[in-house]
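What follows is each chain in one-letter form.
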Amino acid sequence: MPLFPSAPARLQPYYGYRTATRLYVSARALRADKASFDKSGRLQAMRTMIAQFASHEVEGLDVRLELEIGDTGKHSFTAQTDKEGHARFAIDLPDVWSLPENTAWDVAALYWSNEEGEHCVNCHILAPGARADLAVISDIDDTIIETGITGGLRSVFRNWRRVLQQMPEERVAVPGADVFYSSLGGGRVLAADEAGTGDRIPATHRPFFYVSSSPWNLYSYLVAYKKDRDIPLGPLFLRDWGLNSDTFGSGSHGSHKTDAIRGILADYSELRFALIGDDSQGDLPAFGEIVEQHPGRIAAVFIRQTGGEASPEEIAAKAIIKGASVPLWMGDGYGDMQGFLKAAGVSAAGDTARILQATVKAEDAN
């Protein structure tokens, strides 16, 4: 029986992003309570997670996006939710709205109406700084958070207690991930205590993008986890889940990630990227494909090893990455990188060296 079939439609905004010429924003219309992970309310957290997975998507809802574009004043755009409840905006921007010098988050407003009247919620849009020397594309599952929520229907049921009963701050973090990612971000542009009323969220100098096979239902949970661990925030590229081979097929994880990474690289042709993942869901073959197809765009590849022998696809990907002279690190945690620096012949200067040196700091801090 549906749990919330008659709840008023609400809008869940997702982190957006923009270039100098294009802006991307999306949100999802759901009939479910707003996600809440109050540390004092475990029962509420459980209810929240059940509601997220039992949510009812709202098709055909009109959504209006309003934002200030440079000095041209406020602009308005409309979209309608699809059968999965998603409203997506892909907007061509005028030349007057260039990227900021330092990475920042812009703020826009989303409007919708339900039987209770008109509603508004802020959405945040990542604007990578013109001075950014590097960007990061990272996996989430088993890369920054120990998780068993993906990888097959059986693992979903086996790990239901972890998903439903553990609040974000209780989840086991990958050792060193928080310090490593914070160091890799290059420091905050806007300190948390300067965020004022919450209209803006802190940005790091180097922009982050997260690509994961987790479902959109876990968006709020994953954001709460990253906020609690002080891991840099960034747009998330998640998936719609269904009981089919598209969701649980072994090849679906890699294809989803490679498609998302290709799109990010195409949007930011002037940036080089570090790729961070693990060996549990085909990240290495996916990254190898990206390195091969985009020569010169990848500064370094990090693969966290979770156990098991390398597959033929992983062995081939490793050869591709090394053949392209892209530094590749593989280990069970973000540990000491001095040996890797020396073996890779990386000088003390440059983007890749700074990435690897940040890893050393993460190990020292733990």
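What counts, and at which threshold
- Residues numbered from 1 in each chain as written.
- Predicted model: local features only at pLDDT ≥ 70, side-chain atom pairs only at ≥ 80, totals over all residues.
- Heavy atoms only, no water.
- Pairing = 2+ DSSP bridges.
- Helix = DSSP H or I, 4+ residues; strand = E, 2+ residues; numbered from the N terminus.
- Axes fitted to C-alpha atoms, helices over the stretch in contact; angles between N-to-C directions.
- Phe/Tyr/Trp six-rings, centres within 6.5 Å; stacked < 30°, edge-to-face > 60°.
- Buried < 20%, exposed > 50% of the residue type's maximum accessible area, 1.4 Å probe, protein only.
- Lys NZ or Arg CZ within 6 Å of the ring centre and 35° of its normal.
- Core = buried A, V, L, I, M, F, W, Y, C linked by side-chain atoms within 4.5 Å.
- Left-handed = near helix turned anticlockwise from the far one by under 90°.
- Contact = heavy atoms within 4.5 Å.
- Nonpolar A, V, L, I, M, F, W, Y, C, P; charged D, E, K, R; others polar.
- Polar contact = N/O pair within 3.5 Å; in protein donor to acceptor, adjacent residues only side chain to side chain.
- Salt bridge = Lys/Arg side-chain N within 4 Å of Asp/Glu carboxyl O.

Brief notes about the sheet that holds strand β13 (residues 273-278)
Step number 1: Sheet architecture is open: six strands sit in the order β12-β11-β10-β13-β14-β15, paired in parallel fashion. In the strand order of this sheet, the two ends are held by β12 (236-239) and β15 (328-331), each with one partner. Across the sheet, the mean angle separating the axes of adjacent strands is 15 degrees when strand polarity is ignored.
Step number 2: As paired strands, strand β10 (residues 135-138) and β13 are joined by four bridges and run parallel to one another. Residue pairing across strands places V136 opposite A274, the latter belonging to β13.

Points about the packing of aromatic side chains
Step number 1: What the rule picks out here adds up to 13 aromatic pairs.
Step number 2: Ring geometry for Y17 versus F209: centroids 5.9 Å apart, planes at 90 degrees, classification edge-to-face. Of this pair, Y17 sits in strand β2 (residues 16-18) while F209 sits in strand β11 (residues 208-215), and the two are 192 residues apart along the sequence. Taken as a pair, Y17 and F209 share a single burial class, namely buried.
Step number 3: A ring pair is formed by Y17 and F237, whose centres lie 5.7 Å apart and whose planes are at 50 degrees; its orientation type is tilted. Of this pair, Y17 sits in strand β2 while F237 sits in strand β12, placing them 220 residues apart in sequence. The exposure classification of Y17 matches that of F237, with both residues buried.
Step number 4: In this structure an aromatic cluster arises from ring pairing among Y14, Y15, W105, W216 and Y219.
Step number 5: Above the face of the W97 ring, R18 is positioned so that its terminal group lies 3.7 Å from the ring centre.
Step number 6: Positioned over the ring face of Y210 is K226, at 3.4 Å from the centre of the ring.

A closer look at the environment of R239
Step number 1: Along the chain, R239 falls in strand β12.
Step number 2: Considering only alpha carbons, one finds R239 and H256, 17 residues apart in sequence, at a separation of 7.9 Å.

Things to note about the nonpolar core
Step number 1: Residues I137, I144, Y181, F209, F273, I298 and V301 are the most contacted members of the largest nonpolar core, which totals 59 residues.
Step number 2: L23, A27, L65 and A108 belong to the second largest nonpolar core, which has 23 residues in total.

Quick notes on the packing of helix α8 (residues 283-293) against helix α9 (residues 312-323)
Step number 1: Two elements in contact, α8 and α9, have axes separated by 8 Å at closest approach and are oriented at 35 degrees. Here α8 runs over α9; the crossing is left-handed. Residue-level contacts link L284, P285, F287, G288, V291 and E292 of α8 to E313, E314, A317, I320 and I321 of α9.
Step number 2: Residues that form the contact of α8 with α9 fall into these classes: seven nonpolar, one polar and three charged.

Some points on the side chain of T103
Step number 1: If you trace the backbone, T103 turns up in the loop between β7 (86-92) and β8 (104-114).
Step number 2: On the accessibility criterion, T103 (2% relative accessible area) is buried.
Step number 3: Only 2.9 Å separates the side chain of T103 from the backbone nitrogen of G129, close enough to count as a polar contact.
Step number 4: Among the polar contacts listed, one links the side chain of T103 to the backbone oxygen of H205, at a separation of 2.7 Å.
Step number 5: Those residues in contact with T103 that lie beyond four places of it in its chain are L126, A127, P128, G129, A132, V189, A203, T204, H205 and P207.

A few points about helix α5 (residues 219-229)
Step number 1: The element α5 is largely enclosed, with a buried count of eight among its 11 residues.
Step number 2: Count one or two residues on from α5 and you reach D230, which has phi positive near 60 degrees.

Here we look at the pairing of β10
Step number 1: Neither face of β10 is left uncovered, since the one carrying A135 and I137 and the one carrying V136 and S138 both have all their residues buried.
Step number 2: One ladder, built from three bridges, connects β10 with β11; its direction is parallel. What sits directly across from I137, in β11, is F209.

Quick look at the pattern of salt bridges
Step number 1: Enumeration according to the criterion identifies 16 salt bridges in this entry.
Step number 2: The shortest N-O distance in the salt bridge between E289 and R262 comes to 2.4 Å. Taken together, the residues E289 in helix α8 and R262 in helix α7 (residues 252-267) connect sequence positions 27 residues apart.
Step number 3: By relative accessible area, which is 31% here, E289 ends up partly exposed.
Step number 4: Within this structure, R28, E57, E84 and D240 form a network of salt bridges that share partners.

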